[in-house]
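# Examination of the molecular architecture
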Amino acid sequence: MKHAKMRSTILGLTTAVLTAVGSAQAQDKSPGNADAGASVFKRCMACHAVGPDAKNGVGPVLNGVVGRAAGTYPSYSYSAANKNSGLTWDEPTLTTYLHAPRKLVPGTKMTFAGLSKDQEIADVIAYLKQFNAQGQKASP
């Protein structure tokens, strides 16, 4: 009887801990907020641009970047590492890249160290997703 009660208590505690961890992880994976992402993107503007009048600078234009193959924006001189990476900038790949660009693509010209906060990355991706390849903002 004593062992059964102890097992029940341990099982209950384990369930509570796993539920709390699962809940915390679910919160970490919250969707991005495009408005907050516009603020985060200000850090990127030293090198990148978006919008209908965007031009390549130190980095390529990021119009339509979500879903685009790496190293393919017209008239930008990409590193061989980026051009030959075989990556497509989908959300999971962008998330990994924005955490540590040089880790995912060794030899990239991007000197930015990366963003450390998952929510900022989700926000900036949500912001970038608004822009089609021509730089037009999609309607909400």
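Look up a bit, the structure's there.
A brief look at the structure comes next. The shown structure was predicted, so the numbers you read here are calculated from the model rather than taken from an experiment.

About the criteria used
- Residues numbered from 1 in each chain as written.
- Predicted model: local features only at pLDDT ≥ 70, side-chain atom pairs only at ≥ 80, totals over all residues.
- Heavy atoms only, no water.
- Helix = DSSP H or I, 4+ residues; strand = E, 2+ residues; numbered from the N terminus.
- Buried < 20%, exposed > 50% of the residue type's maximum accessible area, 1.4 Å probe, protein only.
- Lys, Arg positive; Asp, Glu negative; His and termini not counted.
- Salt bridge = Lys/Arg side-chain N within 4 Å of Asp/Glu carboxyl O.
- Phe/Tyr/Trp six-rings, centres within 6.5 Å; stacked < 30°, edge-to-face > 60°.
- Contact = heavy atoms within 4.5 Å.
- Arc of directions from axis to C-beta.

Structurally, D123 is set in helix α6 (residues 118-129). Of the side chains with opposite charge, R43 lies nearest to the buried D123, which makes no salt bridge, at 8.6 Å.

Per the stated rule, a full pass over the model turns up four aromatic pairs. Summarising the aromatic geometry, the rings of F41 and Y127 are spaced 5.3 Å apart at their centres and angled 40° between planes, so their arrangement reads as tilted. Here the residue F41 occupies a position in helix α2 (residues 34-41), and Y127 occupies one in helix α6, the gap between them amounting to 86 residues. Looking at F41, the relative accessible area reads 2%, which means it is buried. Each residue in the set F41, Y127 and F131 is aromatic and connected to the rest through ring pairs, giving one cluster.

The next thing to look at is the environment of K129. Looking at the secondary structure, you find K129 in helix α6. With a relative accessible area of 45%, K129 lands in the partly exposed category. Residues K129 and V65, 64 residues apart in the sequence, show an inter-C-alpha distance of 7.6 Å. Apart from the residues lying within four places of it in its own chain, the contact partners of K129 are V66 and E91.

Let's shift gears to helix α4 (residues 91-99). Along α4, the residues that are buried comprise T93, L94, Y97 and L98. Down the axis, α4 shows its buried residues gathered within 125° of arc, on one side only. Close packing links the buried residues of α4 with α3 (80-83), α5 (101-104) and α6.

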